[in-house]
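In case you want the letters, here they are:
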Amino acid sequence: MDSEASPKNGHCFLILVDNAERWLKLHCDRTEVDLQATTSEEVEGRMRTAIGKANLLIQKKFPQFRQLCHANLSQKEDDPFKTTEQDLSGFWDMVLIQVEDVNKHFEEIELLRQNGWNEIKASVEICPESVTPSSKPSGTRTRMQKSNSATSVRSPALSSSAAAKAREEARKRLMAAKAVGRQRKASESDKDVEIFVS
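Criteria and cut-off values
Residues numbered from 1 in each chain as written. Predicted model: local features only at pLDDT ≥ 70, side-chain atom pairs only at ≥ 80, totals over all residues. Heavy atoms only, no water. Helix = DSSP H or I, 4+ residues; strand = E, 2+ residues; numbered from the N terminus. Buried < 20%, exposed > 50% of the residue type's maximum accessible area, 1.4 Å probe, protein only. Contact = heavy atoms within 4.5 Å. Areas by Shrake-Rupley, 256 points an atom, 1.4 Å probe, with all protein chains shown as cover. Salt bridge = Lys/Arg side-chain N within 4 Å of Asp/Glu carboxyl O. pLDDT = per-residue confidence, 0-100. Phe/Tyr/Trp six-rings, centres within 6.5 Å; stacked < 30°, edge-to-face > 60°. Expected span 1.5 Å × (residues − 1). Bend = angle between axes of the 7 residues up to and from the residue.

1. A few points about the overall build of the chain
Then, in step 1: The helix and strand inventory of the chain stands at four helices and two strands.
Then, in step 2: A burial count over the chain gives 28% of its 198 residues as buried.
Then, in step 3: Here the contacts in the chain between residues at least 6 apart in sequence split such that 69% fall between residues at least 24 apart.
Then, in step 4: Of the roughly 13600 Å² of accessible surface on the chain, 55% is carried by carbon and sulfur atoms.

2. Some words on the pattern of salt bridges
Then, in step 1: This structure, assessed with the given rule, holds twelve salt bridges.
Then, in step 2: Here E42 and R46 are joined by a salt bridge, their closest N and O atoms 3.5 Å apart. In this pair, E42 and R46 are both assigned in helix 2 (residues 41-74), four residues apart and thus about one turn of the helix distant.
Then, in step 3: According to the relative accessible area criterion, E42 is partly exposed, its value standing at 34%.
Then, in step 4: Accessibility expressed as a relative area gives 15% for R46, which makes it buried.
Then, in step 5: In this structure, D101 and K53 form a salt bridge, with 2.9 Å as the shortest nitrogen-oxygen distance. Linking D101 in helix 3 (residues 85-114) with K53 in helix 2, this pair joins segments that are 48 residues apart in sequence.
Then, in step 6: Classification of K53 as partly exposed rests on a relative accessible area of 32%.

3. Side note on the confidence of the model for the chain
Keep in mind that low pLDDT regions are not for reading the predicted coordinates in detail.
Then, in step 1: When pLDDT is averaged along the chain, the result is 77, and 71% of the positions lie at 70 or above.
Then, in step 2: Overall, residues 1-6 carries pLDDT values under 50, and its contacts beyond four positions in sequence, including any with other chains, amount to six contacts.

4. Describing the packing of aromatic side chains
Then, in step 1: With the rule as written, the count across this model stands at four aromatic pairs.
Then, in step 2: Ring centres of F13 and F65 lie 5.7 Å apart, and the angle between their planes is 85°; this geometry places the pair in the edge-to-face category. With a gap of 52 residues between them, F13 in helix 1 (residues 10-35) and F65 in helix 2 connect regions that are remote in the sequence. For the pair F13 and F65, one class covers both residues: buried.
Then, in step 3: When the centroid spacing of 5.4 Å and the interplanar angle of 35° are considered together, the rings of F65 and W92 count as tilted. In this pair, F65 sits in helix 2 while W92 sits in helix 3, placing the two residues 27 residues apart along the sequence. Note on accessibility: F65 and W92 belong to one class, buried.
Then, in step 4: An aromatic cluster is built from F13, F65, F91 and W92, whose rings are joined through pairwise contacts.

5. What about helix 2?
Then, in step 1: The end-to-end C-alpha separation of helix 2 is 48 Å, in line with the 50 Å expected for 34 residues at 1.5 Å each.
Then, in step 2: If you look at helix 2, its biggest bend is around 35°, right at L57.

Set out below in structure tokens:
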């Protein structure tokens, strides 16, 4: 398989991981500065969580992924264990789920920053309009409300259901990525067969 014909080879993935790392470092630096401005322990904990998760990606997952990219770029034909584009794509999909999770943490921090570091409460409201059953449970809508109190408490039922929903969405994305990888592998195995007649 020719790497130029491939939509994403090691070089493309190296660019993706470099961009993701730059983005995470930028948000970590900004959050470190904001950490000095907040007085709420809960907000401070959220900030430290986001920074910690981002640093784990930067220090552990990204270097591991870069090694795979370099292995893909420098492999020889007689290597017993080749690193394929599908390997890179699958690993990147798993890393991307973690990057998106960290992104959600930084988005929450941005909302808190815009709200003057006050907690944002989520409330559930019944909507009269009909909603398809596959998209939302029987006509409920979640609306964000600003809180004037810095010491407001989130409802454990809402936060656990939101976490369960996020986990389910991540599982669905992973399953979809695996299905795409299997399809790609099956279609490439069909393309790699060449018959020479002399």
